[in-house]
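So you can see what is in the structure, the chains are spelled out below.
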Amino acid sequence: MTIVGVPAGWPATEEEARAVQDELRGRVVLHEPGPPPGTGRVTGVDVAYDDELDLVAAAAVVLDAATLDVVAEATAVGRVSFPYVPGLLAFRELPAVLAALDRLPVPPGLVVCDGYGLAHPRRFGLASHLGVLTDLPVIGVAKNPFTFTHDDPGPARGADAPLMAGAEEVGRALRTRDGVKPVFVSVGHRVGLPGAVAHTLALTPRFRLPETTRRADALCRRALREAARRLAGTGGQDATTRQAPTSWYAES
DNA sequence: GCGACAG
DNA sequence: ATCTTGTCGC
C-alpha cells in the first residue's frame, strides 16, 4: 500500500495557509456558464479520517452525467496534513483528493465537492481552491450553512433562497427534496451560481445529497476501513510513502 | 474577550 | 469528521 505524502511547500501553519488563500483567490473564475447539466462526466470527491491512525482516505467517483452510472473511481490514502480549522478545510482535504483525482483513468469533467467554494470567510473555500489547482470546473455542495444565513426556501424541491454573508450573496440554500432540509450550493471555479444550482438538481433525482457525494462518501469510507485493516494486519511495518504529485492537471 | 464554525 | 441501536417507512 502506498501512503501519499504531503505536497512540497504545503502550508504548515494557519498563518501560511491564510496567506496561500489570499494569494490564490484572484485566480478563481466565477462567471463561466460551465458544462451543461446532464452532459459529459461529473465527479464526486470526498474524504474520511481516522485520527487515531493519522490516516486520511479520499475517493473520486466519476459518473456519466446523463445516467448517473459509475464510469470510473479511484482512491488515495495519506497522512493527515493539517488540523481541522474552520476556513482552512482545504489544507486538510486537498492532498488526498488531488492524489485520488490523479489516479483516475479518465478526465473527471465537472467536480462536485463536499463543502464550500465562494461561500467562505476569505471567499476561497475548498471547491474554489481545488478548481484553481486543477483548472477543472468545480462546484461546492455543503450540508450545513456554516456561518451564513438564509431565509427558508419554499417547501418544494427546486426552491432556493440566497445564502448571505452579511449583505453579500455567496451561494444558495437549495431544496433538493420536498420538505427536507436544503443543501448549500456555492460557486467553486468556472461554473456560475445558476449552473451550480442546475447541476445540483440534476444530481439529486432521489436523495437530498448529490449522487456524486453519496458515491464518493461510501467509497472513501471503504478505502479508509481497508487501509486501517491492512496497517493493523502488518503492524504498519510495510507501508511505503511517497511524495504526492505537485502538478495535477497542470496542462488541462 | 468569548463563542461559533464546511469536514 | 466521528462516537453509536434500534427503529420507522418506502
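Note that the structure is predicted; figures quoted are calculated from it, not measured.

**Student:** In this structure, what is going on with the pairing of strand S9 (residues 183-189)? I would like to understand it.
**Tutor:** It is a general feature of regular strands that their side chains alternate between the two faces of the sheet. In terms of burial, S9 is a largely internal element, seven of the seven residues being buried. When strand S6 (residues 138-142) meets S9, the two strands line up antiparallel, connected through five bridges. In the sheet register, Ile139 faces S9, and the bridge partner there is Val187. Looking at chain direction, strand S8 (residues 168-174) and S9 are connected through three bridges and run antiparallel. Across the sheet, the residue bridging to Ala173 is Phe184, located in S9.

**Student:** Even after reading the chapter, I still don't get empty space enclosed by the protein, so can you show me in this structure?
**Tutor:** The method is simple in principle: a probe with the dimensions of a water molecule rolls over the atoms, and the space it marks as empty is what remains. Counting across every chain of the model gives one cavity of 30 Å³ or more. Empty space within the largest cavity amounts to approximately 40 Å³. Looking at the largest cavity, the residues that line it are Val45, Asp46, Glu93, Leu94, Val97, Cys113, Asp114 and Leu126. Every element with two or more residues in the lining of the largest cavity is listed here: strand S2 (41-50) and helix H2 (89-102). In terms of residue class, the lining of the largest cavity is built from five nonpolar, no polar and three charged.

**Student:** Looking at this model, I keep getting lost on the side chain of Arg175. Mind explaining?
**Tutor:** Mapped onto the fold, Arg175 is located in the loop between S8 and S9. By relative accessible area, Arg175 is classed as buried at 7%. Separated by 2.8 Å, the side chain of Arg175 and the backbone oxygen of Pro153 make a polar contact. Only 3.0 Å separates the side chain of Arg175 from the backbone oxygen of Gly154, close enough to count as a polar contact. Filtering out sequence-adjacent residues up to four positions away, Arg175 remains in contact with Asp152, Pro153, Gly154, Pro155, Ala156, Arg157, Gly158, Ala159, Val180, Lys181, Pro182 and Leu201.

Reading the values: the criteria
The residue numbers shown here count from 1 along each chain, following its written sequence. Ligands are numbered from 1 and chains lettered from A, in the order in which they are written. Where local features are concerned, this predicted model is filtered to residues with pLDDT of at least 70; where side-chain atom pairs are given and counted, the filter is 80 or more; whole-chain, interface and lining totals use all residues. To get the side-chain values, all heavy atoms of the structure are used, and hydrogens and water are removed first. The cut-offs for exposure are 20% and 50% of the maximum accessible area for each residue type, with area from a 1.4 Å probe on protein chains only; residues under the lower value are buried, those over the upper are exposed, and the others partly exposed. Only runs of H or I of at least four residues qualify as helices and only runs of E of at least two qualify as strands under DSSP, and these elements are numbered from the N terminus. The criterion for strand pairing is that DSSP finds at least two bridges linking the strands in question. The pocket and cavity definitions rest on a 1 Å grid over protein atoms only: a 1.4 Å probe that fits but cannot leave marks a cavity, an open set with protein on both sides within 12 Å along at least five of seven lines marks a pocket, and residues lining either have an atom within 4 Å of a point. Grid points are joined across faces, edges and corners, and a volume is the space filled by probe spheres set on the points. Put simply, Ala, Val, Leu, Ile, Met, Phe, Trp, Tyr, Cys and Pro go in the nonpolar bin, Asp, Glu, Lys and Arg in the charged bin, and everything else, Gly too, in the polar bin. The definition of a polar contact used here is a pair of N or O atoms within 3.5 Å, where within protein one atom must be able to donate a hydrogen and the other to accept one, and adjacent residues in sequence count solely through side-chain atom pairs. Any pair of residues with heavy atoms lying within 4.5 Å of one another is described as a contacting pair.

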